[in-house]
Amino acid sequence: MRHRRGIDLMGADDEIAGQKTKDATFADLPEWYSISGKCGGCGEVSMLERWELERRFGKLQQLKPLEQKLRCDRCGNQTGNHFVFGHLSRD
C-alpha cells in the first residue's frame, strides 16, 4: 500500500528487522521508518511523530499495546485503530 505522500506502507503481517511488526519495539525500527496511524472506522491514515513517541514511551516499548491509545483526528474513533509502518523512498 502507498501513502499519498509517496511512502511505502506495511501492515501488521510484515516484518521489521526480521521480526513481525506486532512484536516490534521502537528500538527495532530502523531510522528511515515512519509510523502512521490508521483509523478502524473511517480509514484515515495520519503520520505520527515517531521520535516524539519514542521519547515519551521509551525505546523498549512494544508498539502493539500503544494502538489502544490511538484516536482518529477526523472522526474521533478510538476502537480498531492500528499502526501502519513505512519507509521513505530514497529517490
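Scroll up for the structure.
Fair warning: this is a prediction, and the values are worked out from it, not measured in the lab.

Explain the packing of aromatic side chains to me, using residue names and the numbers behind them.
A full pass over the atoms with the stated rule returns two aromatic pairs. Pairing Trp32 with Tyr33 gives two aromatic rings, centres 6.4 Å apart and planes at 55 degrees, and the pair type is tilted. The exposure class of Trp32 is exposed, given its relative accessible area of 53%. Residue class for Tyr33 comes out buried when judged on its relative accessible area of 13%. Seen from their ring centres, Phe83 and Phe85 are 6.2 Å apart, and the 40 degrees between their planes marks the pair as tilted. Against the face of Trp51 rests Arg50, its NZ or CZ located 4.1 Å from the ring centre.

Outline the pairing of strand E5 (residues 45-48), supporting the account with residue identities and numerical values.
In this structure, strand E4 (residues 33-38) lies alongside E5, joined through four bridges in antiparallel fashion. Bridging from a neighbouring strand, Gly37 pairs with Ser46 of E5. Count of turn residues in the E4/E5 antiparallel hairpin: six residues, of which Gly43 carries a positive phi of about 85 degrees.

Now, about the nonpolar core: what can you tell me, with residues and values included?
Core analysis: the largest hydrophobic core is formed by 11 residues, namely Ala24, Phe26, Leu29, Tyr33, Ile35, Leu53, Leu63, Leu66, Leu70, Phe83 and Phe85. Listed by contribution, the elements that provide at least two residues to this core are E4 and strand E6 (82-87).

Hey, could you go over helix H1 (residues 50-57) for me, with residue numbers and the actual values?
Within the sequence span of H1, burial applies to Arg50, Leu53 and Glu54. Along H1, the residues classed as buried sweep out an arc of 100 degrees about the axis, all on the same side. Facing away from the buried side of H1, by more than 90 degrees, are the exposed residues Arg55 and Arg56. Packing partners of the buried residues in H1 comprise E4 and E5.

How each quantity is defined
Numbers given to residues run from 1 along each chain, matching the order in which its sequence is written. Residues qualify for local features only when their pLDDT is at least 70, as the model is predicted, and side-chain atom pairs are given and counted only at 80 or more; totals for whole chains, interfaces and linings, by contrast, use all residues. As a rule here, side-chain values cover all heavy atoms of the structure and leave hydrogens and water aside. In summary, the pairing rule links any two rings of Phe, Tyr or Trp, Trp by its six-membered ring, whose centres are within 6.5 Å, and it sorts them by plane angle into stacked for under 30 degrees, edge-to-face for over 60 and tilted for everything else. The rule is simple: take the accessible area with a 1.4 Å probe, protein chains only, and divide by the maximum for that residue type; under 20% is buried, over 50% is exposed, in between is partly exposed. Lysine and arginine charges are scored as sitting over a ring when NZ or CZ, respectively, is within 6 Å of the ring centre and within 35 degrees of the ring normal. By this definition, two strands are paired if DSSP reports at least two bridges between them. Here a strand is any run of E in DSSP of at least two residues, a helix any run of H or I of at least four, and the numbering for each starts at the N terminus. Take the buried residues of types Ala, Val, Leu, Ile, Met, Phe, Trp, Tyr and Cys, join any two whose side-chain atoms come within 4.5 Å, and each joined set is a nonpolar core. For this quantity, the arc is that covered by the directions from the helix axis to the C-beta atoms. Throughout, a contact is declared for two residues whenever any of their heavy atoms are within 4.5 Å.

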